[in-house]
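# Chain and residue survey
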Amino acid sequence: MIHLINPSTDPYFNLALEEYLLMNEFDLNDYFLLWQDRPVVVVGRNQNTLEEINLEAIRSQGVEVVRRLSGGGAVYHDEGNLNFTFIVNDENRSAFDFARFTEPVIETLDKMGIKAENSGRNDITIAGKKFSGNAQCRFKHRLLHHGTLMFDCRIEDMVKVLNVSPDKIVSKGVKSVRSRVTNISEHIKQPVSLEQFKDLLVQTVRDGGYLQGDRQLSKSELLEINKLRQKKYISWDWVYGNSPPFNIQRKKTFPWGTVDLRLDIKNGLIEKCKIYGDFFSNRDVTELGRDLTGTPYRQPDIDHKLAVMDLNSYFPAANPGEIEGLIGDGLVIK
Amino acid sequence: MNIPQDLLYTNDHEWVRVDGEQAYVGITDFAQDNMGDIVYVEMPEIDDEIAAGDQIAVIESVKAVSSIFCPVGGTIIEINDALESAPELLNEDPYENYVAIVKMDNQDDLDQLLSPAAYEKLCAETN
C-alpha cells in the first residue's frame, strides 16, 4: 500500500482524486490518503442536494457544496476535519468489512488514551458520540473506504449548514441521519495538534505493515484529476442535477393573495410546474407553469426565462421581484 | 445461495436471461446478500446504447455503492421502473426483478458468460 501525499484542500479536486485512484485500470496499487477540505458540505451519492443543505447558511458562510461517489448522508468538512481514504484491490468481495479500515483510527486514539469504538455500520464514536462517518464504494474489483475524522470542527457551523430549510421537499433520495457528534480534541489529555494526530495515524498504518512507501501525484496524474474535477465534480449537473427526482412545494401569502407553487424536478430540470392560489389574474397561470417546463432548476436559468414572460398579466397586483423570488427562492449557484 | 439453472452469469455477479434477441439483466442472490439492504438504484435510460461491460446501473446499499455492468452490448429497451420507488425488491427477489432489458447487438457476447454450474463454483470459491 502506498501513502499518497495530497496537500490539496479543494473538495472538488479531492473527490476527483478518489475517483481517479478507484477507477484507473492502469494503476492497481493499494492507496492510503489523509486529506482535508476547506469548508464544504459533501452530500451522498443519491441524495437530493437541496433537501440536505441550508442555502442561507451556505451562502452567508461561503461554504461550498459537492457530491461524493459513495452513499449515505451529508457531512460537513472544515479545517478541523481530517479525512482518510483506503483504496484497495478486493478480488473476492470481502463483504464490505468496515472494521478492517477503521481499526487504525481506533488504535491511534487508543495510543492517545482515548477509547473509541465502531458503532452501527458506519460510525466511530467516543463516549457514544459520533466523530467519524464512513462509507464505501466498489468499482469492478477495487474498493474505496473513506471516513471523516472530526478533530476540532466548528460544530455550530456544521449544525447551521446542515439545518435544512422549511420548504416541503419530497423525494426518494437517501436521507441523512442526525447524530450527536463530538470532536476528538475534546477528549485529548495532553495537547495534540491535528498535524500530530495525522502523523500518528500514518505511523499506525505503517506499523501495521501495510505501507510500502510515500509518494506525491505526478504531473500527468494532476492533469487527469483536474480534468475530472472540471468535467464532473465542480459541475452543477453532478452536484445538483444528479439528485433523484423530487417535488417541491412553496406557498407564500402576499397582500394580494396566496400563491401555492408545486414543482416536479427530474435530472435537474423542471418537469412540471403547477401554480395554485386565490389571487386575481388576467391570464391562465397554467400557461406560465407550462412555459417553465424544461428549464433547469437553477436561479440564473429561471431568471432568464421569467425575464421574457409577461408576469404582470398573470399576477397584476404583484410587486416586481415577488414572483421571481418565489419561484427562484431557495435556489443556489449563480 | 439461489442459482437458477435457466440463467447465465458473470464474474461480477450479474445474471442474464435470454429471450430471443432480448437479454434481461439483473443482480444475483449472492450480490444482493453481499450488498445488504438496497436503498437506491440509479437506472439507465431507455434507448441508451451500451457496449458489453459498460456500467448500466449503480446500486446504493446500506454498506456501499456498487456499479453494475452489462455483460451484453446493445440498446436498453426497457428498465424496471419499480426499482425507482422500491429498490428493496432487489433484496426480496433478485431474479424476478431484473434491472433492464437489452436488445442485443451481437449474441456472441453470451459466449463469455458463465453456466450456472461454473457460477456456483465461483461463489463457493469466493465464500
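Bear in mind the structure is a predicted one, so any value in this text is a computation, not a measurement.

Two measures define how a pair of helices packs: the angle their axes make with one another and the distance between the axes. Residue and element names in this part refer to chain A. As a packed pair, helix H4 (residues 99-111) and helix H6 (residues 194-207) sit with axes 9 Å apart at the nearest point and diverge in direction by 120°. The angle between the axes of H4 and H6 places the two elements in the oblique class. You can see that H4 and H6 cross each other, and the crossing is right-handed. Judged by residue contacts, Pro104, Val105, Glu107, Thr108, Leu109 and Lys111 of H4 engage Phe197, Leu200, Leu201, Thr204, Val205 and Asp207 from H6. Split into classes, the residues belonging to the contact of H4 with H6 amount to 7 nonpolar, 2 polar and 3 charged.

Taken together, the contacts link 23 residues of chain B with 25 residues of chain A. Of the roughly 2000 Å² buried between chain B and chain A on both sides combined, carbon and sulfur atoms contribute 49%. A per-residue breakdown of the area chain B buries against chain A is headed by Tyr40, Lys63 and Val65 of chain B, which together make up 28% of the total. Inspection of the region where chain B meets chain A yields 1 salt bridge. As a salt-bridge pair, Glu42 of chain B and Arg45 of chain A come within 2.7 Å of each other at their nearest N and O atoms. Those elements giving two or more residues to the side of chain B that touches chain A turn out to be helix H1 (29-35), strand E4 (38-42), strand E6 (55-61), strand E7 (65-69) and helix H2 (82-85) of chain B.

Turning our eyes to something else, we now look at the UniProt feature "domain: Lipoyl-binding" (unreviewed entry) in chain B. Residues annotated in UniProt with the feature "domain: Lipoyl-binding" (unreviewed entry) correspond here to residues 22-103 of chain B. Structurally, residues 22-103 of chain B comprises 18% helix and 43% strand, and the distance from its first C-alpha atom to its last is 5 Å.

Let's shift gears to the domain arrangement of chain A. Residues and elements named next belong to chain A. Here the domain parsing of chain A yields domain 1 (2-241) and domain 2 (246-328). Facing the 9 residues of domain 1 at the interface are 10 residues of domain 2. Here domain 1 packs against domain 2, burying approximately 900 Å² in sum over the two surfaces, 56% of which is carbon and sulfur. Among the residues domain 1 hides against domain 2, the three largest losses belong to Asp167, Lys168 and Trp236. Together they make up 52% of the total. Our count for the domain 1 to domain 2 interface comes out at 2 residue pairs in polar contact (both at pLDDT 80 or more). Sorting the residues of the side of domain 1 that touches domain 2 by element identifies strand E11 (168-171) and helix H8 (236-241) as the ones contributing at least two each. Ranked by residue count, the leading element in the side of domain 1 that touches domain 2 is E11, at 4 residues.

The next thing to look at is the packing of aromatic side chains. Using the criterion set out here, one finds 16 aromatic pairs over all chains in the structure. Each ring, one from Tyr233 of chain A and one from Trp238 of chain A, has its centre 5.7 Å from the other, and the planes form 75°; the classification is edge-to-face. A residue is classified by how much of its surface remains accessible, and Tyr233 of chain A, at 0% relative accessible area, is buried. Lys232 of chain A extends its terminal NZ or CZ atom over the ring of Trp238 of chain A, reaching a point 4.2 Å from the ring centre. The side chain of Arg17 of chain B reaches across the aromatic face of Tyr24 of chain B, ending 5.9 Å from its centre.

One pass over the full model with this rule turns up 3 cavities of 30 Å³ or more. Put simply, the parts of the chain that give the lining of the largest cavity at least two residues each are strand E9 (129-139) of chain A together with H1 and E7 of chain B. When residues in the lining of the largest cavity are grouped by element, the largest group, 4 residues, is from E7 of chain B. Along the lines of polarity and charge, the residues of the lining of the largest cavity split into 6 nonpolar, 4 polar and 5 charged. In this structure, the second largest cavity spans a volume of roughly 50 Å³. Lining the second largest cavity, in full, are Leu50, Trp236, Tyr240, Ser243, Phe246, Ile265, Gly268 and Tyr297 of chain A. Along the lines of polarity and charge, the residues of the lining of the second largest cavity split into 6 nonpolar, 2 polar and no charged.

Glancing now at the sheet that holds strand E9 (residues 100-104) of chain B. Residue and element names in this part refer to chain B. Reading across from one edge, E1-E2-E3-E9-E8-E5 is the order of the 6 strands in this open sheet, with antiparallel pairing throughout. Each edge of the open sheet carries a strand with a single partner, namely strand E1 (8-9) and strand E5 (49-50). Here E1 runs beside strand E2 (residues 14-19); their pairing, made up of 2 bridges, is antiparallel. Residue pairing across strands places Tyr9 opposite Trp15, the latter belonging to E2.

About the criteria used
Residues numbered from 1 in each chain as written. Chains lettered and ligands numbered in written order. Predicted model: local features only at pLDDT ≥ 70, side-chain atom pairs only at ≥ 80, totals over all residues. Heavy atoms only, no water. Axes fitted to C-alpha atoms, helices over the stretch in contact; angles between N-to-C directions. Helix = DSSP H or I, 4+ residues; strand = E, 2+ residues; numbered from the N terminus. Parallel < 35°, antiparallel > 145°, perpendicular 65-115°, else oblique. Left-handed = near helix turned anticlockwise from the far one by under 90°. Contact = heavy atoms within 4.5 Å. Nonpolar A, V, L, I, M, F, W, Y, C, P; charged D, E, K, R; others polar. Buried area = accessible area lost by both parts, 1.4 Å probe. Salt bridge = Lys/Arg side-chain N within 4 Å of Asp/Glu carboxyl O. UniProt positions renumbered as here; feature names shortened; annotations may be inferred. Domains from an automatic or database assignment. Polar contact = N/O pair within 3.5 Å; in protein donor to acceptor, adjacent residues only side chain to side chain. Phe/Tyr/Trp six-rings, centres within 6.5 Å; stacked < 30°, edge-to-face > 60°. Buried < 20%, exposed > 50% of the residue type's maximum accessible area, 1.4 Å probe, protein only. Lys NZ or Arg CZ within 6 Å of the ring centre and 35° of its normal. 1 Å grid on protein atoms, 1.4 Å probe; cavity = no way out; pocket = protein on both sides within 12 Å on 5 of 7 lines; lining within 4 Å. Points joined across faces, edges and corners; volume = space filled by probe spheres on them. Pairing = 2+ DSSP bridges.

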